[in-house]
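# Architecture at a glance
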Amino acid sequence: MAETATPSETVNRVRGARRSPAEHLAEAFTSGSVPGTVTLTEIPYQAMVGVRVDRTSDAGARVAAVTGGLPAACGEVTGSGSVNTLWLGPTEFMVVAPEEAHDSLGGSLVGDLTTALGNDAGQVVDLSANRTTFELSGSHARAVLEKTCSLDLHPRVFKAGTAVSTELAHIPVMLWKTSEDSYRIFPRASFADFLGRWLLDAMREYASPEVP
Amino acid sequence: MLLISCPNCGPRDETEFHYGGQAHIAYPENPNDLSDREWAEYLFYRENTKGTFAERWVHSTGCRQWFNMLRDTVSYEIHSIYAMGQSRPDITASSPKAEPEKPGEFTQSGDYGQAGDPGLAPGTATAPTSSEGV
């Protein structure tokens, strides 16, 4: 009599049950976005893995083989395609991948990294639920960020393909410039509501015609 | 607002950092041998320097690494930033401009100021350290 769920049924049930940290703002993100000028969307459920390892050690080399390299200095992002690794500290990294890469959804990212680290010093922690991802893009995305970010975001200094951990609206985030006009922001889940509303507020003026 | 140059991340706002108090306080080599007074002095007694002060900071919203800083508590000028475990640099030799513009404003640029009786000031306590620096 026992009903056994097939793996795909389990996956679908998991998918249906979860709620992303800024899900309730999805409509506001759509209506608050100004296409072509600045748009804000949430990219929910990305797989994220916190890795601590000495990148020059053997374990570091094995982990790098899974992730496609480990960044050497602040700002660097390694990896190509869907799996990328952000630099958090000299021995601390964050691997970001699409949700399908997560072990519970058919992928093997966390398991592969754990295997690669083995029994050596370091850690591999599944942090997928720790942060959510906002994508802020458009010609005025930088102007929105400059209202609160103390870093120099001018393209001369902050180049596409750079990720730094810093503060936006006084909360700690990872800020990743994925292309010239596009930024990915990783706030902790509990800050997603606040930061989402803050960014919407900051975007509001660009919906109106510019005052000469 | 101080602009602090993190050794890993470059110049960042002071709000990204947290202060860690006086630097170079060695953990007593044999804590069990200390009297209650000596232990209390190790734990709680700190310099209150007017002038150049060696202190610890952590880049808490960045790389989360600790480092030492030589900062002027009067002018807030940052003289030097150096790694944990390194000894306090002699700023009088390396940068003459670190000297005060107004003579008499403060005097100590190498010594630790009002270190009291020997053995009472935390910086001058017992010799080697195991807790500091990595």
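Before going into details, it helps to say that this report is about the structure given with it. Keep in mind that what you see is a predicted model, and the values were worked out from it rather than measured.

## What to know about the sheet that holds strand E10 (residues 182-187) of chain A
Residue and element names in this part refer to chain A. Spatially, E1-E7-E10-E9-E8 is the arrangement adopted by the five strands of the open sheet, whose pairing is antiparallel. If you trace the sheet from one side to the other, it starts and ends with strand E1 (39-43) and strand E8 (162-168), each paired once. If you compare each strand with its neighbour and ignore which way they point, the axes differ by 25° on average. Pairing of E1 with strand E7 (residues 133-137), which is carried by five bridges, proceeds in the antiparallel orientation. In the sheet register, Glu-42 faces E7, and the bridge partner there is Phe-134.

## Re the nonpolar core
A:Phe134, A:Leu136, A:Leu175, A:Ile185 and A:Leu195 are the most contacted members of the largest nonpolar core, which has 29 residues in total. Residue assignment for this core shows that the elements contributing at least two residues are E7, helix H5 (141-146), E8, strand E9 (171-179), E10 and helix H6 (192-203) of chain A. The element that contributes the greatest number of residues to this core is H6(A), accounting for six residues. Of all hydrophobic cores here, the second largest spans 28 residues; its members include A:Ala59, A:Trp87, A:Ala101 and B:Trp57.

## Some thoughts on the packing of aromatic side chains
Under the defined criterion, the tally for this structure stands at eight aromatic pairs over all chains. Taking 6.4 Å as the distance between ring centres and 10° as the angle between the ring planes, the aromatic pair formed by A:Phe158 and A:Tyr183 counts as stacked. Taken together, the positions of A:Phe158 in the loop between H5 and E8 and A:Tyr183 in strand E10 put the pair 25 residues apart, joining distant regions of the chain. Here A:Phe158 falls in the buried class, since its relative accessible area comes to 5%. In this structure A:Tyr183 comes out as buried when scored by relative accessible area, which is 1%. Here the aromatic rings of B:Tyr27 and B:Tyr42 are separated by 5.7 Å at their centres, their planes lie at 90°, and the arrangement is edge-to-face. With B:Tyr27 in the loop between strand E3 (18-22) and helix H1 (36-44) and B:Tyr42 in helix H1, the pair connects residues that are 15 residues apart, well separated along the chain. We classify B:Tyr27 as partly exposed; its relative accessible area is 29%. With relative accessibility at 16%, the residue B:Tyr42 sits in the buried group. One aromatic cluster in this structure is built from B:Tyr27, B:Trp39 and B:Tyr42.

## Points about the interface of chain B and chain A
Contacts between the two partners involve 11 residues from chain B, matched on the other side by 14 residues from chain A. Note on chain B versus chain A: buried area summed over both sides is about 990 Å², and carbon and sulfur give 43% of it. Per-residue buried area on chain B facing chain A is highest for B:Arg12, B:Thr61 and B:Arg64; these three make up 41% of the total on that side. The interface formed by chain B and chain A holds one salt bridge in total. Linking B:Arg64 and A:Glu92 is a salt bridge whose minimum nitrogen-to-oxygen distance equals 2.5 Å. For the pair chain B and chain A, the interface holds seven residue pairs in polar contact (both at pLDDT 80 or more). Of the residues that constitute the side of chain B that touches chain A, the class distribution is two nonpolar, five polar and four charged.

Cut-offs and rules
Residues numbered from 1 in each chain as written. Chains lettered and ligands numbered in written order. Predicted model: local features only at pLDDT ≥ 70, side-chain atom pairs only at ≥ 80, totals over all residues. Heavy atoms only, no water. Pairing = 2+ DSSP bridges. Helix = DSSP H or I, 4+ residues; strand = E, 2+ residues; numbered from the N terminus. Axes fitted to C-alpha atoms, helices over the stretch in contact; angles between N-to-C directions. Core = buried A, V, L, I, M, F, W, Y, C linked by side-chain atoms within 4.5 Å. Buried < 20%, exposed > 50% of the residue type's maximum accessible area, 1.4 Å probe, protein only. Phe/Tyr/Trp six-rings, centres within 6.5 Å; stacked < 30°, edge-to-face > 60°. Contact = heavy atoms within 4.5 Å. Buried area = accessible area lost by both parts, 1.4 Å probe. Salt bridge = Lys/Arg side-chain N within 4 Å of Asp/Glu carboxyl O. Polar contact = N/O pair within 3.5 Å; in protein donor to acceptor, adjacent residues only side chain to side chain. Nonpolar A, V, L, I, M, F, W, Y, C, P; charged D, E, K, R; others polar.

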